[in-house]
Amino acid sequence: MGIKAALPKYEIYSYYVMLCLAVFWATSWIFEVSNSNINRKAFKTSVKPSYFGRKMDTSDFEWMMWFSTFRAHILFALSGHVLFAKICSMLAPQYRSLVYMVYGVLAVWTSMGWTYVTLILSHCILLYSISLVKIRWLCFVTGLCTLATFKCEPFLSWEAGFVQGDFELRHVLFYGGCGFTIMRCMSFALENCEKKDGNYNILELLKYNFYLPFFYFGPIMTFDKFYVQVNRSDLTRKDGELWNISLHGLIHLGVVIVVDVLFHFMYILTIPTDMKLLKHLSDWALVGLAYFNLVYDWVKAAVMFGVITTVAKLDHMDPPKPPKCITMLYMFAETHFDRGIHEWLCKYVYDYLGGKHENVLEELVATLCTYGITILWLGPCEVVLFWAFFNCFGLNFELWTTKFFSMEPFVSLEMAMSEATSRRIRAVFNTFNFWCIVLYNTVALNSLDFSKLVAKRLLLKGGLSNFSHFFLKSLLIFNFFSGFPITTILVMFVTYCLVQVIKERERKQALIDDPDPLPPAPPLNAAAAPPASATTTPAAQPAAEPNKEKAE
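What counts, and at which threshold
In every chain, residue numbers begin from 1 and rise along the written sequence. Where local features are concerned, this predicted model is filtered to residues with pLDDT of at least 70; where side-chain atom pairs are given and counted, the filter is 80 or more; whole-chain, interface and lining totals use all residues. Side-chain calculation: all heavy atoms of the structure are included, whereas hydrogens and water are not. In this text, helices come from DSSP runs of H or I with a minimum length of four residues, and strands from runs of E with a minimum of two, each type numbered from the N-terminal end. Burial classification: accessible surface area is computed with a 1.4 Å probe over protein chains only, and a residue below 20% of its type maximum counts as buried, one above 50% as exposed, and the rest as partly exposed. By the convention used here, residues are in contact when the closest approach between their heavy atoms is within 4.5 Å. For every accessible area listed, the method is Shrake-Rupley and the probe measures 1.4 Å; residues are considered covered only by the protein chains on display. In this analysis an axis means a line fitted to C-alpha atoms, helices contributing only their contacting stretch, and an angle means the value between N-to-C directions, from 0 to 180 degrees. For classification purposes, an angle smaller than 35 degrees is called roughly parallel, one larger than 145 roughly antiparallel, one from 65 to 115 roughly perpendicular, and anything else oblique. Polar here means any residue outside two lists: the nonpolar Ala, Val, Leu, Ile, Met, Phe, Trp, Tyr, Cys and Pro, and the charged Asp, Glu, Lys and Arg; Gly therefore counts as polar. Residue types Ala, Val, Leu, Ile, Met, Phe, Trp, Tyr and Cys, when buried and joined through side-chain atoms within 4.5 Å, form a set referred to as a nonpolar core. Where each domain starts and ends follows an automatic or database-derived domain assignment.

Q: Tell me about the overall build of the chain, and please be specific about residues and values.
A: Within the chain, the regular secondary structure consists of 24 helices and 2 strands. In the chain, buried positions account for 47% of the 552 residues. Within the chain, residue pairs in contact and separated by at least 24 positions form 77% of the contacts whose partners lie at least 6 positions apart. Per element, the accessible surface of the chain, about 28800 Å² overall, is 68% carbon and sulfur.

Q: Tell me what's going on with unusual backbone geometry, and back it up with residues and numbers.
A: Following Glu408, the chain continues into Pro409 via a peptide bond in cis, with omega recorded as 5 degrees. Tracing the backbone through its elements, the reader meets Pro409 in the loop between helix 18 (382–405) and helix 19 (410–416). Non-glycine residue Lys134 carries a positive phi angle of around 60 degrees. Looking at where Lys134 falls in the secondary structure, it is placed in the loop between helix 6 (114–131) and helix 7 (136–148). When its relative accessible area of 29% is taken as the criterion, Lys134 is described as partly exposed. Not every positive phi belongs to a glycine, and His316 is a case in point at roughly 65 degrees. With respect to the helices, strands and loops of the structure, His316 is situated in the loop between helix 15 (283–314) and helix 16 (339–354).

Q: Provide a residue-level description of the environment of Ser28, including the pertinent values.
A: Mapped onto the secondary structure, Ser28 falls in helix 1 (residues 9–36). With 260 residues separating them along the chain, Ser28 and Gly288 place their C-alpha atoms 9.8 Å apart.

Q: Break down the packing of helix 20 (residues 419–445) against helix 21 (residues 448–460) for me, with residues and values.
A: One way to put it is that helix 20 packs onto helix 21 with a least axis distance of 7 Å and a crossing angle of 155 degrees. Between helix 20 and helix 21, the angle falls in the class roughly antiparallel. Contacts from Trp435, Leu439, Thr442 and Val443 in helix 20 reach Leu448, Phe450, Ser451, Val454, Ala455 and Leu458 in helix 21. Residues that form the contact of helix 20 with helix 21 fall into these classes: 8 nonpolar, 2 polar and no charged.

Q: Can you lay out the nonpolar core for me, pointing to particular residues and giving the numbers?
A: A general feature of soluble globular proteins is that nonpolar side chains tend to end up buried together. Counting 144 residues, the largest nonpolar core has Tyr116, Phe174, Ile268, Ile271 and Trp344 as the members making the most contacts within it. It is helix 15 that provides the largest number of residues to this core, a total of 17 residues. Each of domain 1 (9–48 + 244–512) and domain 2 (92–235) gives at least three residues to this core. When near neighbours in sequence (up to four residues on either side) are disregarded, Trp344 contacts Phe140, Met183, Met186, Ser187, Ile220, Thr222 and Val349.

Note that every value here comes from positions in space, so none of it alone points to a role or purpose.
If you want it as structure tokens, here you go:
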């Protein structure tokens, strides 16, 4: 059945209403828990005094680094890049890529020291030398071995000694700069293997690697795209392009303010660290915490990459898009939190080994290699291994399920039912898939214990809340919806509503991207036939406007 299967409007509206009620309900629980446990021991280390006369959740180091502690330093470096890039674009646009490289080298030298620049250059020269051989597997092996030196001793300690000074951002910038450098160098080497005539110049690799907006924190843009965009001669902008860039910048600023305000009222990052408190929470509070943690991680990635990509767009670049929102995901094949890494892995590993992703064995090999490289990129540890195993299994299980249901008698059964019924049945399966994605990814974002507790409450048995008095005063009937299996059924139904809303959005987008074809034009000799208006009944007249129903 096609993606364009429609449901009645009243059904879609009822799904929206259920989602709004569920979000309000879960948010109320978390707000009550945050305010009732402000003096707990776990809260004292990460919840600190801030604005509004309230305390703020400061447990996320990345967020605080970007938008609080080192906000001025990051803005200063990026503003300098924008200023020099604009001057160069006006005076000597043909040399703008060279100016990007020079400014990037000077910024890295100033922040990390000349020995760190030497270390980065040594890795660039090594992988450039290997790329001249034009053997794809050798470039991969060299790049992965180089990446492994930043993840294991004694190589890690030896290379970390190249960083001068002792400041708080030292380790973050060291790992970020080195890790992204290796991935960029591997992209350059693999693209050079595909180049039939000669080789790329090493200067192109240095321009690619030392582009400051992408250097420390990404996202990764593959070399083939960067090379085309940075050497573009036409720097004219489309009508309204600069306005759109400014609007996106303001939106990111607004999101930062909203998240900062919410951190003063909802401690969604600190609560999952207190297992004693979690055991006394209601099922709805646990489910809301798991979901909101994933949504926050997407918001953080979208805003951080959004700031960087805004600067890149000012340089006439087309950087990777922000990650797809977790709320819009119900398939493992579309799950990612960094679109740059996602596109890099798909191009050089997953799609290269998996082909059309129809063969079960090829898909298994492709996913194992993809997640193997991801484990090395993130750093091998127990949490990362669990996360990679579950997501790798989920991705393959989707293909196995698709293959199974593409056989008889399932195909005949689906063809015999209406498109709306088929969509509802598929949404039921997608509902369970959605919560597999949530539970598997909370392992990496929070902890294994938190994921086990959420799964136990959701699938095996429920728990009663010590904070039910808050709702007894206002929503007495909701106290009934607590514990297994009532909570499980309700959570799955709400998720089913969410999946249907996502499918409705995809249906409308599919109609825009690929509209239904118009009926064939009447033959040329139709003029000799009797006038159609004389024989057409009023009921048949709407058929002359095939796009009207779809537009409605």
